[in-house]
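# Structural characterization, general
Residue strings, one per chain:
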Amino acid sequence: MIPVAFDYERATSVDDAIAKLAGGGKALAGGHSIVPLMKLRLSEPGKLVDISKIPGLSGIREVHGQIEIGATTTHSEIAGSEQLRAACPMIAEAASEIGDPQVRNRGTIGGSIAHADPAADFPAVMLALEADILIKGMNGPRTVKAADFFRGFYDVDLHTGEIITAIRFAPVRSAAYAKLHQRASHYAIVGAAVALELAGGTIQRARIGLTGATSCAIRLPAVETALVGKSAADAGAAVQQASVEAIDLNADLHASAEYRQAMIPVFVRRAVERAINRGV
Ligand SMILES: Cc1cc2nc3c(=O)[nH]c(=O)nc-3n(C[C@H](O)[C@H](O)[C@H](O)COP(=O)(O)OP(=O)(O)OC[C@H]3O[C@@H](n4cnc5c(N)ncnc54)[C@H](O)[C@@H]3O)c2cc1C
């Protein structure tokens, strides 16, 4: 289908983008979520403000021991980053499993997080890393914790006219992402992001982000608690026992709620095992 008519403007800086969005409209980054929605006429913004060429809005850098990824950094750049593969392989791993090469070459981390598709990969990773989402709007900058950012079905803590400028997190080496993907799109039917703190092969703390299974990405606190004190040998059983948490699971043409329920422990366990191996 053809979208309704819209204006297009290219922003030259973050402040320019914010000024251009003040009168309404939506940011355009990779266009791999907003353009399909517009073509289906599920979204009809009167104006698109292209932020994809803003100098300094993309890139991966270290800031005071943390890693900061600019909002317009593409999935390919994240997947191919040697810095991330060494310091925080989970995020590069998740990026490498998004869609296909065309999607990874155009799609951005800021766009993925702002769009917050319930089956998108990065929201789970953001939760497991307890990332900060850096946002700027007419009222200046603010920072939102990932746990507060993802509020519900395509619902995030982003006000009209605000843009995400970057994501920031403390890198974790003992972390991994495992997903059961939908064969055509590669979106997650179930995706588990697991970040562990280990001491002598024993789990001291676990943070688990789950995507694809519920209306938005969530943490799994009961499984996280069950993993504390466990070694690689008994982590699998702990995951299996703890994953009967009362969560409202999605059912759609890709998988029933029962199937997702069965797959959650499988993919959490795979991510836990890989995370433990990376930490050793
Ligand atoms: C065929 C196909 C397969 C895909 N498979 C996967 C998959 O396996 N896993 C997965 O996670 N995703 C998948 N995606 C989605 C893909 O990752 C998108 O690129 C991503 O969700 C959106 O990023 P974008 O840069 O393209 O954003 P856009 O489409 O440009 O924007 C999406 C939304 O976010 C807003 N936005 C964009 N950037 C910002 C910003 N910096 N600040 C505030 N708002 C912003 C826009 O206004 C818009 O509302 C797939 C997409 C396609 C088309």
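Please refer to the structure higher up on the page.
Below you will find a few notes about this structure.

Basis of the calculations
- Residues numbered from 1 in each chain as written.
- Predicted model: local features only at pLDDT ≥ 70, side-chain atom pairs only at ≥ 80, totals over all residues.
- Heavy atoms only, no water.
- Pairing = 2+ DSSP bridges.
- Helix = DSSP H or I, 4+ residues; strand = E, 2+ residues; numbered from the N terminus.
- Contact = heavy atoms within 4.5 Å.
- Axes fitted to C-alpha atoms, helices over the stretch in contact; angles between N-to-C directions.
- Buried < 20%, exposed > 50% of the residue type's maximum accessible area, 1.4 Å probe, protein only.
- Arc of directions from axis to C-beta.
- Near = heavy atom within 4 Å.
- Polar contact = N/O pair within 3.5 Å; in protein donor to acceptor, adjacent residues only side chain to side chain.
- 1 Å grid on protein atoms, 1.4 Å probe; cavity = no way out; pocket = protein on both sides within 12 Å on 5 of 7 lines; lining within 4 Å.
- Sits in = over half its atoms within 2 Å of the grid points.
- Nonpolar A, V, L, I, M, F, W, Y, C, P; charged D, E, K, R; others polar.
- Parallel < 35°, antiparallel > 145°, perpendicular 65-115°, else oblique.
- Left-handed = near helix turned anticlockwise from the far one by under 90°.
- Expected span 1.5 Å × (residues − 1).
- Salt bridge = Lys/Arg side-chain N within 4 Å of Asp/Glu carboxyl O.
- Phe/Tyr/Trp six-rings, centres within 6.5 Å; stacked < 30°, edge-to-face > 60°.
- Lys NZ or Arg CZ within 6 Å of the ring centre and 35° of its normal.

### Considering the sheet that holds strand β13 (residues 202–211)
Pairing is antiparallel across the open sheet formed by four strands, whose spatial order is β11-β12-β13-β14. One side of each edge strand has no neighbouring strand; the edge strands of this open sheet are β11 (175–181) and β14 (218–219). With nine bridges joining them, strand β12 (residues 188–199) and β13 adopt antiparallel strand pairing. Counterpart to A195 in the pairing with β13 is R207. Seen against the sheet, helix α8 (residues 122–129) touches β11, β12, β13 and β14 and runs at an angle of roughly 150° to β13.

### Brief notes about the environment of I167
Within the element layout of this structure, I167 appears in strand β10 (residues 163–169). The class for I167 is buried, based on a relative accessible area of 0%. Residues I167 and I67, 100 residues apart in the sequence, show an inter-C-alpha distance of 8.1 Å. Sequence-distant contacts of I167, that is, excluding residues within four places in its chain, are made with I67, E68, I69, I109, I113, M126, A131, D132 and I133.

### Brief notes about helix α11 (residues 232–242)
Note that an α-helix has 3.6 residues per turn; residues three or four places apart therefore point the same way. Here α11 has its buried residues at A235, G236, A238, V239 and A242. Buried positions in α11, seen along its axis, are confined to an arc of 165° and lie on one side of it. Exposed side of α11, more than 90 degrees from the buried face: A233 and Q241 are the residues found there. Lining the buried residues of α11 we find β13, α10 (221–227) and α12 (257–279).

### Thoughts on the site of the ligand
Around the ligand, a shell composed of 32 residues is seen, among which A27, T108, D121, I164 and H186 lie nearest. Contacts to the ligand include K26, whose side-chain N or O atom sits 3.4 Å from an oxygen atom. Taking H75, its side chain carries an N or O atom lying 2.9 Å from an oxygen atom of the ligand. Its atoms largely coinciding with the cavity grid, the ligand occupies the largest pocket. Every element with two or more residues in the shell around the ligand is listed here: β2 (26–28), α7 (109–115) and β10. In terms of residue class, the shell around the ligand is built from 14 nonpolar, 14 polar and four charged.

### Structural notes on the packing of α11 against α12
One way to put it is that α11 packs onto α12 with a least axis distance of 9 Å and a crossing angle of 160°. Classified by the angle their axes make, α11 and α12 are roughly antiparallel. In the packing of α11 onto α12, the handedness of the crossing is right-handed. In this structure, α11 uses A232, A235, G236, V239 and Q240 to contact α12, whose residues at the interface are P265, V268, R269, V272 and I276. Here the contact of α11 with α12 is composed, by residue class, of seven nonpolar, two polar and one charged.

### With respect to α12
Over its 23 residues, α12 runs 33 Å from end to end, which matches the ideal 33 Å to within 8%, given 1.5 Å per residue. Among the residues of α12, R260, M263, I264, P265, V266, F267, V268, A271, V272, A275 and I276 are the ones counted as buried. Against the buried residues of α12 lie β11, β12, β13, α10 and α11.

### Description of the pattern of salt bridges
Here the structure, examined in full by the defined rule, presents 21 salt bridges. A salt bridge links E162 to R142, with the shortest nitrogen-to-oxygen separation between them at 2.8 Å. Taken together, the positions of E162 in the loop between β9 (155–156) and β10 and R142 in strand β7 (residues 140–145) put the pair 20 residues apart, joining distant regions of the chain. The class for R142 is partly exposed, based on a relative accessible area of 23%. The salt bridge partner of R260 is D252, with a shortest N-O separation of 3.0 Å. A residue is classified by how much of its surface remains accessible, and R260, at 2% relative accessible area, is buried. A network of salt bridges, in which partner residues are shared, links E130, E197, R205, R207, R219 and E224.

### Quick look at the packing of aromatic side chains
Under the counting rule described, the total for this entry stands at two aromatic pairs. Note on F153 and Y154: the rings are 4.8 Å apart at their centroids and 75° apart in plane angle, and the pair reads as edge-to-face. Sitting above the plane of the F267 ring, R270 keeps its charged end 4.6 Å from the centroid.

Any functional reading would require information that these geometric values do not contain.
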